[in-house]
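Notes for the structure review
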Amino acid sequence: MKSHDKMNLENALNFDNKYTRELPADPETSHETRQVTNSCYSRVQPVKAGAPELVAFSREMAEEVGLSSELCESEEFVEVFSGNKVLSGMDPYATCYGGHQFGSWAGQLGDGRVINLGEIVNKEGRRWVLQLKGAGPTPYSRRGDGFAVLRSSIREFLCSEAMYHLGIPTTRALSLVTTGDQVIRDMFYDGNPQPEPGAIVCRTAPSFTRFGNFEILTWRGELDLLRRFADYTIRTDFPHLGEPSKEVYCAWFDEICTSTAEMIVHWQRTGFVHGVMNTDNMSILGLTIDFGPYGWLEDYDPGWTPNTTDAQGRRYRFGNQAEIAQWNLIQLANAIHPLIGEVQPLEDSIQTYVNHHRDTWQRMMADKLGLAGFNKESDNKLITDMQDLLQYVETDMTIFFRRLAALDVQSTVARSSSVHNLIEHFSDAYYLSEQLNDEYIVMLDTWITHYKARLNHDKTPDDLRRVKMNKVNPEYIFRNYIAQLAIDKAEKGDYSMVNELLEVLRKPYDEQTGKEELSKRRPEWARHRAGCAMLS
Ligand code: AMP
Ligand code: MG
């Protein structure tokens, strides 16, 4: 760009569409629903939005892709990220994938409400795929319309940025716009569809490739394409592994096992429940992907799932996520087995997953508790006793750990502290004070005594321990009821709370003056309200 040229999106975004350049395309270009074979994607154009309006953009993400705030607030930005204007460097497409849904093979799924605009390479050489979620039908839309509503788009936009700031591997979001069009949705699946405001999130990630992109090729017996797509993925997203070979395929799967284990431990650390861990929602990069009926644990309950469609079997409950990730990795192993021709290395990597998950989880729990390290002799029991404690009465997990950090362990005041003071100390974390019976009080007192003894063994000064604990135990998570409050306002045209949350969630580990309300436990009115407790 010459310096006197006016900066616009066209010259700010450096497109390099490797996916469409190097992989085979579906020869058809209509958006009619169909089976797409021997291809990785279908070219498809976004539908034009009637009266698009910007709700919010992520400034970190904008900067990362090379956009100034000024450009993000421009007329052109809304046009481009609502799908109304396709820039000359873009090459819009939807990808083909399959997946196991709730434990069964579901056949072809694909980007049914996502249209990739293209890939950019930023100044530092990092690659980002830009995609619109909710920009209209694609060949993969099946019975869906390809659109998205404002409430689910707010949830995806804010949650993915919140995850990023929490330090959790995740896909990101650049922008959120309303389309000005209505979308018909049966929110409660009760035969009562209603018009809702349409919206589009521009999602970003180095790659959106899912386990299901590989599974579909193997299930169809398209093994040449499987190899070609695996080679493409390794060269593009795992270049450090070297040129594809049998050994490199094994190392690749091993790395996917490791990064998936790490992602799950982050979810366990922060109380995130994905809600729909189908293999089409598992990222090859170990990123949290597809924010649908997810939720954040409030009272600690390993059996909790936010997803009403999963209420029966609770397959995707909080306490089952590590096992499900392993099950999903086994499906991926089956899919890439033809590349390797041997079972043993794949089984070894599944064992890597199990071991790496266990070790990372132990270190994470030690960090959450402020311990210098995980002691195998003492700490398993300390942790299980704590989990029992948290479940005996409804206890907010997030608040409990912040209060635990605040506990004085070394001062003399601490030693003489009464049980009453202890209950008082944790009071913000309790949902139902009437549950605080004598048995609980004894349990809490005993556990705290053991915890203090364990801390004294490390001899970490209180203030140092506090700082360390508050770096892994967030003050702010994207609480389900808070998301709903922001949605209620936004549906009335007031986007202030969306932007307020975006700002607060940028620093989730810091107590922020004036933002105390946003870290409080769920109020009782929200206990059973749709959107606050359960979603689908
Ligand atoms: P999900 O459960 O959101 O991961 O979606 C599973 C599959 O359904 C994916 O192939 C989606 O693209 C597709 N899908 C979900 N909602 C819609 C929609 N409104 N229109 C078209 N396809 C959809
Ligand atoms: Mg999905």
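Residues numbered from 1 in each chain as written. Chains lettered and ligands numbered in written order. Predicted model: local features only at pLDDT ≥ 70, side-chain atom pairs only at ≥ 80, totals over all residues. Heavy atoms only, no water.

**A word on the overall build of the protein**
Threshold: Helix and strand definitions here come from DSSP, where helices need a minimum of 4 consecutive H or I residues and strands a minimum of 2 consecutive E residues; each element is numbered from the N-terminal end. Only the C-alpha atoms count toward the radius of gyration. The rule for a globule is 2.2 Å times the residue count to the power 0.38. Partly exposed describes any residue whose relative accessible area lies between the buried limit of under 20% and the exposed limit of over 50%, with all areas from a 1.4 Å probe on protein chains only and scaled to the type maximum. It only takes one pair of heavy atoms within 4.5 Å for two residues to be counted as in contact. The protein chains shown are the only cover counted for residues, whose accessible areas, like all others here, come from Shrake-Rupley with a 1.4 Å probe. The charged-residue count follows a simple rule in which Lys and Arg add positive charge and Asp and Glu add negative charge, with His and chain termini not counted at all. To locate a charge, the coordinates of NZ of Lys, CZ of Arg, CG of Asp or CD of Glu are taken.
Within the protein, the secondary structure is distributed over 19 helices and eleven strands. Here the C-alpha radius of gyration of the protein, 24 Å, is about what a compact globule of 536 residues would show, namely 24 Å. Each principal axis of the C-alpha distribution contributes one length, and for the protein these read about 75 × 55 × 55 Å. The buried share of the protein, reckoned over its 536 residues, is 58%. Intrachain contacts of the protein at a sequence separation of at least 6 include 72% that bridge at least 24 residues. Here the protein displays about 22,100 Å² of accessible surface, and carbon together with sulfur accounts for 50% of that area. Counting 57 positive and 76 negative side-chain charges, the protein places the averaged centre of each group 1 Å from the other.

**Looking at the environment of Asn480**
Position of Asn480 among the secondary structure elements: in helix H18 (residues 480–490). The spacing of Asn480 and Thr288 is 192 residues in sequence and 17 Å in space, taken between C-alpha atoms. Excluding residues that lie within four positions of it along the chain, Asn480 makes contacts with Tyr294, Gly295, Trp296, Glu298, Trp304, Gly531 and Cys532.

**Concerning the state of the cysteines**
Counted only if it meets this: Two cysteine sulfurs form what is called a disulfide whenever their separation falls within 2.5 Å.
Tallied over the full model, the rule gives zero disulfides. With no disulfide partner, Cys202 has as its closest neighbouring cysteine sulfur the one in Cys72, 10 Å distant. Look at Cys202 and you get buried, because its relative accessible area is 0%. The cysteine Cys250 is free of any disulfide, with Cys257 supplying the nearest cysteine sulfur at 11 Å.

**A look at the site of ligand 1**
Test applied: If a single non-hydrogen atom of a residue is within 4 Å of a molecule or strand, that residue counts as near it. Here a polar contact is recorded for every N or O atom pair within 3.5 Å, except that within protein the pair must consist of a potential hydrogen donor and a potential acceptor, and residues adjacent in sequence are included only if both atoms are side-chain atoms. Each residue gets one of three labels, nonpolar for Ala, Val, Leu, Ile, Met, Phe, Trp, Tyr, Cys and Pro, charged for Asp, Glu, Lys and Arg, and polar for the others, Gly among them. Throughout, the edges of the domains are those of an automatic or database domain assignment.
Among the 17 residues in the neighbourhood of ligand 1, the closest are listed as Gly110, Gly112, Arg113, Arg142 and Gly146. One of the side-chain N or O atoms of Arg142 is found 2.7 Å from an oxygen atom in ligand 1. In the environment of ligand 1, a nitrogen atom lies 3.3 Å from a nitrogen or oxygen atom belonging to the backbone of Asp145. Burial of ligand 1 by the protein chains amounts to 81% of its free accessible area of 480 Å². Here the shell around ligand 1 is composed, by residue class, of three nonpolar, seven polar and seven charged. For the shell around ligand 1, the domains that each give at least three residues are domain 1 (9–208) and domain 2 (222–368).

**Brief notes about unusual backbone geometry**
One non-glycine residue, Tyr189, lies in the positive phi region at around 50°. Within the secondary structure layout, Tyr189 lies in the loop between strand E8 (172–185) and strand E9 (194–205). Tyr189 gets classed as exposed once you look at its relative accessible area, which sits at 61%.

**Describing the domain arrangement of the protein**
Where the parts come together, the accessible area they lose is often given as the size of the interface. Heads up, the condition is: By convention, the term buried area covers the 1.4 Å-probe accessible surface removed from two parts as they join, with the contributions of both added. Salt bridge criterion: a side-chain nitrogen from Lys or Arg within 4 Å of a carboxyl oxygen from Asp or Glu.
Domain boundaries in the protein define domain 1 (9–208), domain 2 (222–368), domain 3 (379–470) and domain 4 (480–526). Here domain 3 and domain 4 have C-alpha centroids that lie 27 Å from each other. Each partner contributes to the interface: domain 3 provides eleven residues, whereas domain 4 provides seven residues. Carbon and sulfur atoms make up 40% of the surface buried where domain 3 meets domain 4, a total of about 630 Å² over both sides. The interface formed by domain 3 and domain 4 includes one salt bridge. One salt bridge connects Arg402 with Glu511, and the closest N-O pair in it is separated by 3.5 Å.

**Considering helix H12 (residues 379–392)**
For clarity, the threshold we go by: Every helix has an expected span of 1.5 Å times one less than the residues it contains. Arc definition: it is the arc formed by the directions from the helix axis to the C-beta atoms.
Relative to the 20 Å expected for 14 residues at 1.5 Å per residue, H12 spans 20 Å between its end C-alpha atoms, a close match to the ideal helical length. Regarding H12, the residues found buried are Asp379, Leu382, Ile383, Met386, Gln387, Leu389 and Leu390. Buried residues of H12, viewed axially, fall in a sector of 160°; they line one side.

**With respect to the packing of aromatic side chains**
In plain terms, the rule: Between rings of Phe, Tyr and Trp, where Trp is taken as its six-membered ring, a pair exists when centres lie within 6.5 Å; planes separated by under 30 degrees are stacked, by over 60 edge-to-face, and by other angles tilted.
Considering all chains together, one arrives at 25 aromatic pairs under this definition. Considering the side-chain rings of Phe102 and Tyr316, the 5.2 Å spacing of their centres and the 40° angle between planes classify their relative orientation as tilted. Of this pair, Phe102 sits in the loop between strand E4 (98–101) and strand E5 (104–108) while Tyr316 is found in the loop between strand E11 (295–296) and helix H10 (321–340), placing the two residues 214 residues apart along the sequence. The exposure class of Tyr316 is buried, given its relative accessible area of 0%. Arranged with centres 4.8 Å apart and planes meeting at 35°, the rings of Phe214 and Phe229 form a pair that is tilted. Taken as a pair, Phe214 in helix H7 (residues 211–219) and Phe229 in helix H8 (residues 223–237) lie far apart in primary sequence, 15 residues in all. Under the relative-accessibility criterion, Phe214 is labelled buried at 0%. Overall, Phe229 belongs to the buried group, its relative accessible area being 1%.

**A look at the nonpolar core**
Basically, it comes down to this: The criterion is simple. A nonpolar core is a set of buried Ala, Val, Leu, Ile, Met, Phe, Trp, Tyr and Cys residues joined through side-chain atoms within 4.5 Å.
Leu13, Leu67, Phe81, Phe214, Trp252, Trp296 and Phe478 are the most contacted members of the largest nonpolar core, which totals 121 residues. The leading source of residues in this core is helix H9 (residues 246–270), at eleven residues. With residues up to four places along the chain from it excluded, the contact list for Leu67 reads Leu9, Ala12, Leu13, Ala62, Cys72, Phe77, Phe81 and Leu174. Core analysis: the second largest hydrophobic core is formed by 38 residues, Leu369, Met386, Leu389 and Leu404 among them.

**Observations regarding the pattern of salt bridges**
Enumeration over the complete set of coordinates arrives at 37 salt bridges. Residues Arg506 and Glu60 are paired through a salt bridge, measuring 2.6 Å at the closest nitrogen-oxygen approach. One end of the pair, Arg506, is in the segment after helix H19 (496–504); the other, Glu60, is in helix H3 (residues 59–65), with 446 residues separating them in the sequence. For Glu60, a relative accessible area of 22% puts it in the partly exposed group. Residue Arg185 is joined to Asp145 by a salt bridge in which the shortest nitrogen-to-oxygen separation is 2.9 Å. Of this pair, Arg185 sits in strand E8 while Asp145 sits in the loop between strand E7 (127–133) and helix H6 (150–166), and the two are 40 residues apart along the sequence. Residue classification places Arg185 among the partly exposed positions, given a relative accessible area of 22%.

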